[in-house]
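Report on the structure
The lines below spell out each chain.
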Amino acid sequence: MIKFVLMVNRQGQTRLSRYYQPVALRRRAALEADVVRGCLYRKKDQCSFVEYKDFKLVYRHYASLYIVVGITESENELSVYELVHNFVEVLDKYFSRVSELDIMFNMDKVHLILDEMIQNGHVVETSRTRILAPLSALDTLALS
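What you are looking at is a predicted structure, and each value in this text was computed from that prediction instead of being measured.

What to know about the overall build of the protein
Within the protein, the secondary structure is distributed over 5 helices and 7 strands. On C-alpha atoms alone, the protein measures out to a radius of gyration of 15 Å, which is about the 15 Å that the 2.2 N^0.38 rule sets for 144 residues. Taken along its principal axes, the extent of the C-alpha atoms in the protein is 50 × 35 × 30 Å. For the protein, buried positions account for 40% of its 144 residues. Here the analysis covers contacts within the protein between residues at least 6 apart in sequence; of these, 50% occur between residues at least 24 apart. As displayed, the protein offers around 8,200 Å² of accessible surface, 52% of which is attributable to carbon and sulfur atoms. Looking at the protein, you have 19 positive and 18 negative side-chain charges, and the mean spots of the two groups are 4 Å apart.

Looking at the nonpolar core
Core analysis: the biggest nonpolar cluster contains 28 residues, and Ile 2, Val 5, Met 7, Phe 87, Ile 113 and Ile 118 have the highest contact counts within it. Looking at this core, the elements that each hand over two or more residues are β1 (2-9), β5 (65-71), α2 (77-95), α4 (107-117) and α5 (128-143). Top contributing element to this core by residue count: α2, with 9 residues. Discounting chain neighbours no more than four positions away, the residues touching Met 7 are Gln 13, Thr 14, Arg 15, Leu 16, Leu 65, Tyr 66, Ile 67, Phe 87, Leu 91 and Ile 103. Formed by 16 residues, the second largest nonpolar core is a distinct cluster that contains Leu 6, Val 35, Cys 39 and Val 50.

Let's talk about the sheet that holds strand β4 (residues 55-62)
What the 5 strands build is an open sheet, ordered β2-β1-β5-β4-β3; its pairing is antiparallel. The sheet is open, and its two edges are formed by β2 (14-19) and β3 (49-52), each paired on a single side. Averaged over all adjacent pairs, the angle separating strand axes in this sheet is 20°, with direction ignored. Looking at chain direction, β1 and β2 are connected through 5 bridges and run antiparallel. Opposite Val 8, over in β2, you have Thr 14 as the bridge partner. The strands touched by helix α1 (residues 25-40) within the sheet are β1, β2, β3, β4 and β5, with β1 carrying the most contacts at an inclination of about 65°. Docked against the sheet, α4 engages β1 and β2, running at close to 40° with respect to β2.

Some details on the side chain of Thr 72
Summarising the element assignment, Thr 72 is placed in the loop between β5 and α2. At 2.9 Å, the side chain of Thr 72 and the backbone nitrogen of Met 1 are in polar contact. The residues contacting Thr 72, other than those within four sequence positions of it, are Met 1, Lys 3 and Lys 56.

Calculation notes
- Residues numbered from 1 in each chain as written.
- Predicted model: local features only at pLDDT ≥ 70, side-chain atom pairs only at ≥ 80, totals over all residues.
- Heavy atoms only, no water.
- Helix = DSSP H or I, 4+ residues; strand = E, 2+ residues; numbered from the N terminus.
- Rg over C-alpha atoms; globule rule 2.2 N^0.38 Å.
- Buried < 20%, exposed > 50% of the residue type's maximum accessible area, 1.4 Å probe, protein only.
- Contact = heavy atoms within 4.5 Å.
- Areas by Shrake-Rupley, 256 points an atom, 1.4 Å probe, with all protein chains shown as cover.
- Lys, Arg positive; Asp, Glu negative; His and termini not counted.
- Charge placed at Lys NZ, Arg CZ, Asp CG, Glu CD.
- Core = buried A, V, L, I, M, F, W, Y, C linked by side-chain atoms within 4.5 Å.
- Pairing = 2+ DSSP bridges.
- Axes fitted to C-alpha atoms, helices over the stretch in contact; angles between N-to-C directions.
- Polar contact = N/O pair within 3.5 Å; in protein donor to acceptor, adjacent residues only side chain to side chain.

So far we have only geometry, and geometry alone does not tell us how the molecule works.
In structure tokens:
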């Protein structure tokens, strides 16, 4: 099961966070700082899977952004690693070469894409066309 998804920049600033299990707000800041520190300072030749307390972290680096996913011990790391890549490909398709600014200024759309892919900590959709269908419908409504 997926516990959370974080998107952070190289400076460690959180650009997106989605939690699928309740975490107190006080604890979130400390958790994010600790998790980001653990992933950002790893070398490129090190594994993208990190054991952290009672769960595992799967992260992937794209340009100036890191996407970090916290998962339970029973979840498959490689499938989550590919899910992260699929998420970025969907963002790229929608935003035509997604950037950090696209994410910052279109947070609602990024959350909608993530919600189409993951619900209650479980992957529900991986098809790019099905994930982007609700956004295309919203865009069409906005134009009319």
